[in-house]
Amino acid sequence: MVVTKKFILEKSFNGAPRDDNFKLIEEQLDELKNGEILVEAIWLSVDPYIRPYSNHVSPGTTVMGTQIAKIIKSNNKDYKEGQKVFCSTGWRTHSIINPSTLGKDKMPSFYVLPDFGNLSCSLGLGVLGMPGNTALFGFLNICNPKPGETVVISAAAGAVGSHVGQIAKSLGCYVIGFAGSDHKVEWLKEVLKFDAAFNYKTKDVTAALLEAAPHGVDCYFDNVGGEFSSSVIYRMKNFGRVSVCGSISSYNANPKDLPKVPMLQPAIVFKQLKIEGFIVSRWSDVWQNGIERNLNLIKEGKLIYPEHITQGFENLPQAFMGMLNGENIGKVLVKV
């Protein structure tokens, strides 16, 4: 018998997550049935979406999340011991999976990792996984950026924002990033070569855009929402495009009492803006193609992929809370 460790949601979030929202427990797994495999986690992903989606689950539920795992026992002829897989099994060290029972209509929840060459398999949770496809498809397919256009990105030092900025630079766009610390701002300018970057905590957003983009903004990749994004939208050019990826500024708010922001309709109407939200699962039919495209960008030297790594399964809650507090540059991961 195998015993797994797992984190459950001990009680629902009320504001920012705290230690007492999580509980580490052990669970004994059953013997494998025909068609099943047993996997052991190697890397676990820590993502902002976990916070709002957890509002819809009951206490006692395993905390949601994805991982890269190794097959350590197989009772399925199509899968071999030692293979590394991507799976959406939550915050747990071991899981039993029957691949044939998994749904095919949403974002892939299980697949054998493709060959990354000499790159770490951890990239399957970041630049060569869901965040990478979020950046690639969410930016290109919605914003439809053109060379010479001005692109603004919020949460620009995160896993998705930093990726979007590099794609925009590779296309010949003028890129402006906003982040939450002077260290991140310098990283965006010095390492990723953004044309301009600002600390939104110390620099007024409108003033920053008047300085860096006096003629307005063509494309805005929105990770944060709230009053910040309202300020950017009022600086858009005619026929500007906004890709709404997330709303991290409101994730810790009570869903029944969300913060109020300035009315956007005048800007949307008179500037004839396109504003579109998305969930990356809409591109599930071209998922592997996205991974290949991002892998090619890495091989061409056009994509830097920083990882913010925490050691130890038991430290998952701390990594998650730190990510929501903006402690990371790039993708947040926990190494088991």
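Residues numbered from 1 in each chain as written. Predicted model: local features only at pLDDT ≥ 70, side-chain atom pairs only at ≥ 80, totals over all residues. Heavy atoms only, no water.

All right, on to the pairing of strand β5 (residues 84–87) then. By the bridge criterion, four bridges tie strand β4 (residues 67–74) to β5 in an arrangement that is antiparallel. Across the sheet, residue Lys70 finds its bridge partner in β5, namely Lys84. With three bridges connecting them, β5 and strand β7 (residues 110–112) associate as antiparallel partners. Among the inter-strand pairings, Cys87 is bridged to a residue of β7, identified as Phe110. (Pairing = 2+ DSSP bridges. Helix = DSSP H or I, 4+ residues; strand = E, 2+ residues; numbered from the N terminus.)

Next up on the list: the nonpolar core. One finds Leu128, Phe139, Ile153 and Leu188 to be the most contacted residues of the largest nonpolar core, which totals 49 residues. Ranked by the residues each element gives to this core, the list is headed by helix α2 (residues 130–143), at seven residues. Formed jointly, this core draws a minimum of three residues from each of two domains, domain 1 (2–119 + 306–335) and domain 2 (130–280). Not counting chain neighbours up to four residues away, the residues in contact with Leu188 comprise Ala156, Ala157, Gly177, Ala179, Lys193, Phe194 and Ala197. (Core = buried A, V, L, I, M, F, W, Y, C linked by side-chain atoms within 4.5 Å. Buried < 20%, exposed > 50% of the residue type's maximum accessible area, 1.4 Å probe, protein only. Domains from an automatic or database assignment. Contact = heavy atoms within 4.5 Å.)

Among the structural elements, Gln67 can be located in strand β4. For Gln67, a relative accessible area of 0% puts it in the buried group. A distance of 3.1 Å separates polar atoms of two side chains, one belonging to Gln67 and the other to Thr89. Here the side chain of Gln67 touches Arg92 through a polar contact of 3.1 Å, landing on its backbone oxygen. Filtering out sequence-adjacent residues up to four positions away, Gln67 remains in contact with Glu40, Ala41, Trp43, Leu44, Val85, Phe86, Cys87, Thr89, Gly90, Arg92 and Leu125. (Polar contact = N/O pair within 3.5 Å; in protein donor to acceptor, adjacent residues only side chain to side chain.)

With that settled, consider the packing of helix α5 (residues 205–212) against helix α6 (residues 226–233). Close contact between α5 and α6 brings their axes to 9 Å; oriented N to C, the two are set at 30°. Between α5 and α6 lies a crossing whose hand is right-handed. Across the interface between the two elements, Val205, Thr206 and Leu209 from α5 touch Phe228, Ser231 and Val232 from α6. Among the residues making up the contact of α5 with α6, the classes are represented as four nonpolar, two polar and no charged. (Axes fitted to C-alpha atoms, helices over the stretch in contact; angles between N-to-C directions. Left-handed = near helix turned anticlockwise from the far one by under 90°. Nonpolar A, V, L, I, M, F, W, Y, C, P; charged D, E, K, R; others polar.)

With that out of the way, let us pick up the domain arrangement of the chain. Taken domain by domain, the chain holds domain 1 (2–119 + 306–335) and domain 2 (130–280). Computed over C-alpha atoms, the centres of domain 1 and domain 2 are 29 Å apart. If you look at the interface, domain 1 gives 19 residues, while domain 2 gives 14 residues. The three residues of domain 1 that bury the most area against domain 2 are Arg51, Met107 and Ile329, which together make up 31% of that side's buried surface. Here domain 1 and domain 2 share zero salt bridges between them. With three residues, helix α1 (residues 50–53) is the largest single contributor of residues to the side of domain 1 that touches domain 2. Among the residues making up the side of domain 1 that touches domain 2, the classes are represented as 10 nonpolar, five polar and four charged. (Buried area = accessible area lost by both parts, 1.4 Å probe. Salt bridge = Lys/Arg side-chain N within 4 Å of Asp/Glu carboxyl O.)

Our focus in this paragraph is the sheet that holds strand β13 (residues 274–277). The sheet built from six strands is open, its strands ordered β10-β9-β8-β11-β12-β13 with parallel pairing. Both edges of this open sheet fall to β10 (196–199) and β13, since each of them pairs with a single strand only. Neighbour-to-neighbour, the strand axes of this sheet turn through a mean angle of 15°, independent of strand direction. Strands in contact with α5 are β8 (150–153), β9 (174–179), β10 and β11 (217–222); relative to β9, the strand with the most contacts, it is inclined by about 160°. Along the sheet face, α6 touches β8, β9, β11, β12 (236–244) and β13 and points at about 165° away from the line of β11.

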